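# Secondary and tertiary structure notes
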Amino acid sequence: MSEISEKSRLRTENLNLYYGSRHALKDITMEIPSRAITAIIGPSGCGKSSLLRVFNRMNDLIPEARVEGNVYLDKISVYGEETDAVALRKKVGMVFQKPNPFPMSIFDNVVIGPRRHGVKHRDELESIAENCLRRVALWEDVKDNLRQSALNLPLGTQQQLCIARTLAIEPEVILMDESCSALDPESTMRVEELMTELAQSYTIMIVTHSMEQAARVSDMSAFMMIDDEKIGRLVEYGTTEQIFSTPKDKRTEDYITGRYG
Amino acid sequence: MKLSAKSSEKIAKSIIWAAAMLVVAVLAAIVIYILAKGLPTLSWSFLTEIPEGGGAAGGIASPIVGTVLVTAVAVLIATPLGVGTAVYLAEYTKGGAITKIIRFSAESLAGIPSIVYGLFGFIFFVMYLGLGWSILSGGLTLAIMILPTIIRTSEEAIRGVPGSYRETSFSLGATKWQTIYKVVFPAAIQGITNGIILSVGRSVAETAALVLTAGSSLRMPTSLFAPTRTMAVHFYTLAMEDISPANAFGTAALLIILIFIINVGANILLNRFISNKGKKKEAKGGKRN
Ligand SMILES: Nc1ncnc2c1ncn2[C@@H]1O[C@H](COP(=O)(O)OP(=O)(O)O)[C@@H](O)[C@H]1O
Ligand SMILES: [Mg+2]
């Protein structure tokens, strides 16, 4: 335990999330280690996305959403009064379910973050773009088409581009919400390889509906489910190996073995 | 007697088709009639000479200049105000009392006949602010008149931008204003521009609101404080006072051509602007092959 604490990047303490009067997440306490992939699994509607969006304060965009409890990124209190959500989101990047490049060129997409954060020099932007596109193994494919609209790329490539766009803000944590669900198997494999590779330097959290994916790529797994009052709970959390081989909770076991719809 | 679904479908289709054709025919008839009567008058000297004898002779150079200036003042003032209001309505309010008041005001403004704008402009700009009959008074009056159109079309365009763009932008550490400016605006630009073009057309064609505010001077305006007579007002005067039917139709023909050019030209510009982003990419991407 102490080993994980030392390295841990993200931490929640008695986290509760409400959408207006709807209690969506209840009493979630967990530590997410750095330089590893943590997968959140569970049936649809159990609050996986809601939990993920707690970490970059995406729920701020929903007026009726309210968070109770503590969330920490290292020593920063994510919901602390002095914490600026805009600054926080530069540290906690997010890749969405559907590839969502902006209707602009490949180049402009990748550097949109750095541009906003004040990088103006063309050379600097170009090297950022090359760097990030190389990291997602896209550079060779698109280096001659950087001015092309990103919308013309195939879906799988768009998602790689979106990951590059997130890398360009130099985050410490990357949140991925079912980021492979819109992709074909081959692109999925490429993105999974990318996750594994990125996990060497980033803290990665993924939400996935694919048990196989969780088993393949993640180091830690969190199983969530709604309780009798339809409130999202963290049922079991541990190393992926343990969750998938010797789940402690009956519900986890049922879900893993496919006995749950 | 009972019609089969198929034949009633056919009848409905033909009625709708006939209605559409009727609209086209009426439009074509008006345009052809005016062009036939007016085109013979249109000449280089008609376009470049100042009217003489109250428009009985000479050209319409000063009304052309007046039209351009009044329209420019109106659009340059109404666009930032209207787009700003639209951004506020679409991005910053959550349906509170202020939103309702703004929207109610904008909708009410849209339903007011233009002569009432003219009267207001006369009382407020011409008399109270002492701007007199002038391009400025006319332009300001038109600005208020076209404001609702610009607000509504811009708001619709901004609301039409997918929420995922905003969400993504925020997730990349953008502030709200950066998101609006760099992501929402570019995506909404086409709708916003359409509203502005529509407003230019209305300004060019307006008479009632201008008679009372811009005046009816036929002299070439020398400043924004000078009175002027726009082409539409000029046409109205020539026709109503039976000064010169030929020149009236010449002016009307030019108005129609102008509005046509504005619409088509703006569309071409817009398409070029949009596909230019695509063209550049092809030019550069093409190097590869
Ligand atoms: N913006 C919202 N407003 C109200 N309820 C929401 C909102 N977003 C999600 N919820 C509710 O919270 C619960 C969890 O949703 P979500 O986090 O999307 O689950 P998952 O990602 O596991 O499918 C669902 O019951 C959903 O209806
Ligand atoms: Mg989800």
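Quick caveat: nothing in here was measured; it's all calculated off a predicted structure. (Residues numbered from 1 in each chain as written. Chains lettered and ligands numbered in written order. Predicted model: local features only at pLDDT ≥ 70, side-chain atom pairs only at ≥ 80, totals over all residues. Heavy atoms only, no water.)

Relative to the helices and strands, S77 of chain A is located in strand β5 (residues 76-77). With residues up to four places along the chain from it excluded, the contact list for S77 of chain A reads V71, Y72 and T83 of chain A. (Helix = DSSP H or I, 4+ residues; strand = E, 2+ residues; numbered from the N terminus. Contact = heavy atoms within 4.5 Å.)

Moving on to the interface of chain A and chain B. With 31 residues of chain A at the contact, the number on the chain B side is 19 residues. Here chain A and chain B share an interface that buries about 2,200 Å² over both sides, 60% of which is from carbon and sulfur atoms. Considering only the surface of chain A that becomes buried against chain B, F102, R116 and R147 of chain A emerge as the three largest contributors, covering 28% of it. Counting every contact that joins chain A to chain B gives one salt bridge. Close ionic contact of E167 of chain B with R53 of chain A constitutes a salt bridge, the shortest N to O distance being 2.8 Å. Summed over the shared surface of chain A and chain B, the result is six residue pairs in polar contact (both at pLDDT 80 or more). At the level of elements, α3 (85-91), β6 (92-95), α4 (106-116), α6 (139-142) and α7 (155-167) of chain A are the ones that each hand at least two residues to the side of chain A that touches chain B. For the side of chain A that touches chain B, a count of residues per class yields 13 nonpolar, nine polar and nine charged. (Buried area = accessible area lost by both parts, 1.4 Å probe. Salt bridge = Lys/Arg side-chain N within 4 Å of Asp/Glu carboxyl O. Polar contact = N/O pair within 3.5 Å; in protein donor to acceptor, adjacent residues only side chain to side chain. Nonpolar A, V, L, I, M, F, W, Y, C, P; charged D, E, K, R; others polar.)

All names here are of chain A. Taken together, Y19, R22, A24, S44, G45, C46, G47, K48, S49, S50 and I62 form the complete shell of residues around ligand 1. C46 has a polar backbone atom sitting 3.3 Å from an oxygen atom of ligand 1. K48 places a main-chain nitrogen or oxygen 2.8 Å from an oxygen atom of ligand 1. For ligand 1, whose accessible area on its own is 560 Å², the fraction buried by protein is 65%. (Near = heavy atom within 4 Å. Areas by Shrake-Rupley, 256 points an atom, 1.4 Å probe, with all protein chains shown as cover.)

This paragraph deals with the layout of surface pockets. Each pocket or cavity is described by its volume, and for the second largest pocket that value is around 380 Å³. Forming the boundary of the second largest pocket are 14 residues, of which L61 of chain A together with E91, K94, F170 and K176 of chain B lie nearest the centre. The set of elements that each furnish at least two residues to the lining of the second largest pocket consists of α3 (61-92) and α7 (163-171) of chain B. Considering each element in turn, the lining of the second largest pocket owes the most residues, four residues, to α7 of chain B. Considering only residue class, the lining of the second largest pocket consists of six nonpolar, two polar and six charged. (1 Å grid on protein atoms, 1.4 Å probe; cavity = no way out; pocket = protein on both sides within 12 Å on 5 of 7 lines; lining within 4 Å. Points joined across faces, edges and corners; volume = space filled by probe spheres on them.)

This part takes up a nonpolar patch on the surface. A contiguous nonpolar patch, built from Y88, Y92, I98, W177 and Y181 of chain B and spanning about 540 Å² of accessible area, is present on the exposed surface. By secondary structure assignment, the location of Y92 of chain B is in helix α3. (Patch = residues over 30% accessible without salt bridge, like charges linked within 9 Å, V, L, I, M, F, W, Y side chains within 5 Å.)

This brings us to the pattern of salt bridges. Residue and element names in this part refer to chain A. Taken as a whole and assessed by the stated rule, the structure comprises 18 salt bridges over all chains. In this structure, the salt-bridge partner of R9 is E172, at a minimum N-O distance of 3.8 Å. Of this pair, R9 sits in strand β1 (residues 8-19) while E172 is found in the loop between α7 and β7 (173-177), placing the two residues 163 residues apart along the sequence. Residue classification places E172 among the partly exposed positions, given a relative accessible area of 27%. One salt bridge connects R233 with D227, and the closest N-O pair in it is separated by 3.1 Å. According to the relative accessible area criterion, R233 is partly exposed, its value standing at 29%. Under the relative-accessibility criterion, D227 is labelled buried at 16%. (Buried < 20%, exposed > 50% of the residue type's maximum accessible area, 1.4 Å probe, protein only.)

Turning to the side chain of S199 of chain B, a few remarks are in order. All names here are of chain B. With respect to the helices and strands, the residue S199 is situated in helix α8 (residues 176-205). Since its relative accessible area comes to 1%, S199 is described here as buried. Discounting chain neighbours no more than four positions away, the residues touching S199 are I146, T149 and I150.

A word on the nonpolar core. Grouped together as the largest cluster of nonpolar side chains are 51 residues, with contacts concentrated most on F102 of chain A together with L142, I146, I158 and I192 of chain B. When residues of this core are traced back to their parent elements, those giving at least two are α3, α5 (114-128), α6 (135-159), α8, α9 (208-211), α10 (231-240) and α11 (245-285) of chain B. For this core, the leading source of residues is α6 of chain B, giving 12 residues. Leave out the neighbours within four places in its chain, and I192 of chain B touches V83, S154, A157, I158 and F185 of chain B. The next biggest cluster of nonpolar side chains, apart from the first, holds 47 residues, and it includes A129, A164, L167 and I204 of chain A. (Core = buried A, V, L, I, M, F, W, Y, C linked by side-chain atoms within 4.5 Å.)

Residue and element names in this part refer to chain A. With respect to the helices, strands and loops of the structure, K248 is situated in the loop between α10 (240-245) and α11 (250-256). A residue is classified by how much of its surface remains accessible, and K248, at 72% relative accessible area, is exposed. Along the backbone, K248 and G238 are 10 residues apart, and their C-alpha atoms lie at a distance of 9.9 Å. Setting aside anything within four residues of it in sequence, one finds K248 in contact with E236 and Q242.

What follows concerns the packing of α7 of chain B against α8 of chain B. All names here are of chain B. It is at 10 Å that the axes of α7 and α8 come closest, and there the two elements cross at 140°. What the angle tells us is that α7 and α8 run oblique. The chirality of how α7 crosses α8 is right-handed. Between α7, through Y165, R166, S169 and F170, and α8, the contact on the second element is made entirely by K176, T179, V183, V184 and A187. The class makeup of the residues in the contact of α7 with α8 is five nonpolar, two polar and two charged. (Axes fitted to C-alpha atoms, helices over the stretch in contact; angles between N-to-C directions. Parallel < 35°, antiparallel > 145°, perpendicular 65-115°, else oblique. Left-handed = near helix turned anticlockwise from the far one by under 90°.)

Another aspect to go through is the confidence of the model for chain B. All names here are of chain B. For chain B, per-residue confidence averages 89 on the pLDDT scale, and 93% of positions sit at 70 or higher. Confidence over residues 278-289 falls short of pLDDT 50; this stretch has 12 contacts with residues more than four positions distant or in other chains. Predicted complex, confidence summary: ipTM 0.90, pTM 0.81. (pLDDT = per-residue confidence, 0-100.)

Turning our eyes to something else, we now look at the packing of α4 of chain A against α7 of chain A. Between α4 of chain A and α7 of chain A, the shortest axis-to-axis distance is 6 Å and the interhelical angle comes to 35°. Where α4 of chain A approaches α7 of chain A, its residues I106, N109, V110 and I112 of chain A are matched on the opposing element by L161, A164 and R165 of chain A.

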